[in-house]
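The primary structure of each chain is shown beneath.
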Amino acid sequence: MNILVINCGSSSLKFQLLNMENESLMASGLVERIGIAGSQMILKTTDGEKHVVQTPMKDHSVALKIVLDALVDPAYSIIKDLKEIDAVGHRVVHAGEEYSQSVIINDEVIEAVEKCVELAPLHNPPNLLGINAIMELMPGVPNVAVFDTAFHQTMPPEAFIYPLPYEWYEDLKIRRYGFHGTSHKYVAEKAAQFLGKDIETLKIITCHLGNGSSITAVKYGKSVDTSMGFTPMEGLVMGTRVGFLDPAIITYLEKKTEYNLDQITHILNHNCGVLGISCISSDFRDLEDAASIGDYKAKLALEIFRRTVKKTIAGYAAVMGGVDVIVFTGGIGENSIVDRAGILNDLEFMGICIDEEKNNTRGVEKCISKDDCPVSILVIPTNEELAIAKDTKKLVEG
Ligand code: AMP
C-alpha cells in the first residue's frame, strides 16, 4: 500500500510518498511560496537527488497538481500512475474536542475541522485547502485526517481546565488542547518498543524540542498533561514563541506602547522566545555558537530554555507519581548534546542520570542514561509523516 502524506501550511506544503509494505520512503518534498512570487517545488528522490521545479502556483490546488504530476513523471521514476497511491493522510492541527483519534475524512469531519478554524486560524484553513484539493484531484481515493490535538484528548479536566470562569470553557471552548500529539504518541510508542516493555506499564515524559517545543506526560500510553495550551504559543520558551507568561504583561504593553492587541499577539508568536532574549537568532545552533564565544544574551536564552524544560519534566514526574523514561526528540532534542545535558543536570536526585559519553550523539535512536540509572533517557528521532501514514493505513484497511 502506497500512502501520500500531506502537511499544508499557509504558503507551503510538505509531502512524502511512503511504501507501507516496508515503511520505506519513495519520494518527499516541499512546495514553497504558494500564492506569492517565486513559487517552487523541491522534490527529493530516493537516489538522494533534489529536483527543483519553479513555476507560478496561485493556490494549494495548483501546487498539489504539480506535486502529483511530478510523482508520475517518468523522469523521476517514482510511480507510473496515480492509481498506485492508495490513500492520502493529512496532518490537521486542530480538532477541538471532536476527535481523539485519526478519522477517514467525510463531510462531517470537514465540518468539524471548519468549526475549529477560529481556534487555529493559521493552521486549519491551509489544512482544509489541502484536503479539498486532493479530493478534487484524486476523486475516490480515501483521505484520512491525523490531528495534532487528538492524542491529548485523554487529559483529565484538572490538566486541561484553565482557572478562568468555567463558562468560558463551556461557551467559548477555552481549554488546554495541546499540540505535537502525533509526535508525542509516535516517540512514546517507539520508546516502549526500544525498551522491550509494554507502554501500558510505563510513565514516559516526551520532550519534543524544536523550533516549536512541547513536553507531554504519557502515563500508561495516554497523554495526561502537556505544555502547549489553548494555542501552540503556551508552554516552553521556544524559537520565537514566548511560552508561559503573566497575562497582565499584555494589558500593560497595550497601555504603555503603540502596539494594539493583534500586534502584541504577533510579537509574542514571532519575536519572543530565545530570539527575543538573545537578539541573535531563533536557531539553537547559532545560539550555541554565540554562547561558546561568551555572548551573554545567547547564554541567558539557552539557560532560560533549559530551565523551563527542566521544571516541566520535574512537574510531570510529580503529576505521574514518578517517571520511567524521558524521551528527547525534535531538531534540538535529537541533536543538541549541550541542551540535553543542560536540561538534565542536577536531576540525579530524581534518578535521572545522563551519561556524558553516550549523550555524545546526534539524530539516532539511542539510550543515553547511565547503566545503573533507574530512569531510561532516550533519544528517538520523530517521524510524524510515518505516524500519519501508519494511521492512514490502519483506517483504510478498516
Ligand atoms: P525542528 O523544528 O524540529 O526542525 O527543530 C529546529 C531546531 O533544531 C532549530 O532551532 C535548530 O537549530 C535545532 N537544531 C538542529 N540541529 C541542531 C544541532 N546539531 N544542534 C543544536 N540544535 C540543532
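Cut-offs applied
- Residues numbered from 1 in each chain as written.
- Predicted model: local features only at pLDDT ≥ 70, side-chain atom pairs only at ≥ 80, totals over all residues.
- Heavy atoms only, no water.
- 1 Å grid on protein atoms, 1.4 Å probe; cavity = no way out; pocket = protein on both sides within 12 Å on 5 of 7 lines; lining within 4 Å.
- Points joined across faces, edges and corners; volume = space filled by probe spheres on them.
- Nonpolar A, V, L, I, M, F, W, Y, C, P; charged D, E, K, R; others polar.
- Pairing = 2+ DSSP bridges.
- Helix = DSSP H or I, 4+ residues; strand = E, 2+ residues; numbered from the N terminus.
- Near = heavy atom within 4 Å.
- Polar contact = N/O pair within 3.5 Å; in protein donor to acceptor, adjacent residues only side chain to side chain.
- Areas by Shrake-Rupley, 256 points an atom, 1.4 Å probe, with all protein chains shown as cover.
- Salt bridge = Lys/Arg side-chain N within 4 Å of Asp/Glu carboxyl O.

Student: Help me understand empty space enclosed by the protein in this model?
Tutor: The rolling of a water-molecule-sized probe over the atoms marks out the regions of remaining empty space. Considering all chains together, one arrives at one cavity of 30 Å³ or more under this definition. In this structure, the largest cavity encloses a volume near 40 Å³. When grouped by side-chain class, the residues that make up the lining of the largest cavity number eight nonpolar, no polar and no charged.

Student: Please clarify how the sheet that holds strand 13 (residues 366–367) should be interpreted in this entry.
Tutor: Hydrogen bonds between backbone groups are what pair the strands of a sheet, and the pairing can be parallel or antiparallel. Reading across the sheet, the six strands line up as 11-10-9-12-14-13 and stay open at both edges, with mixed pairing between neighbours. For this open sheet the edge positions go to strand 11 (222–226) and strand 13, each flanked by a neighbour on one side alone.

Student: Looking at this model, I keep getting lost on the site of the ligand. Mind explaining?
Tutor: In the vicinity of the ligand there are 13 residues, among which Asn211, Asp283, Phe284, Gly331 and Arg362 approach most closely. For the ligand, an oxygen atom lies 3.4 Å from a polar atom in the backbone of Arg285. A distance of 3.3 Å is found between a nitrogen atom of the ligand and a side-chain nitrogen or oxygen belonging to Arg362. Against a free-state accessible area of 510 Å², the protein chains account for coverage of 73% of the ligand. Only helix 10 (284–292) and helix 12 (330–335) provide two or more residues apiece to the shell around the ligand. For the shell around the ligand, the element with the highest residue contribution is helix 12, accounting for four residues. Its residues assigned to classes, the shell around the ligand shows two nonpolar, seven polar and four charged.

Student: What should I look at first to understand the pattern of salt bridges in this one?
Tutor: Enumeration according to the criterion identifies 15 salt bridges in this entry. Note that Asp59 is salt-bridged to Lys58, the shortest N-O span being 3.3 Å. A salt bridge links Lys190 to Glu365; its shortest N-O distance comes to 3.8 Å. Pair noted here: Lys190 is in helix 6 (residues 181–195) and Glu365 is in the loop between helix 13 (337–344) and strand 13, with a separation of 175 residues, a long-range link. Each of Glu97, Lys173 and Arg175 takes part in one network of salt bridges that share partners.

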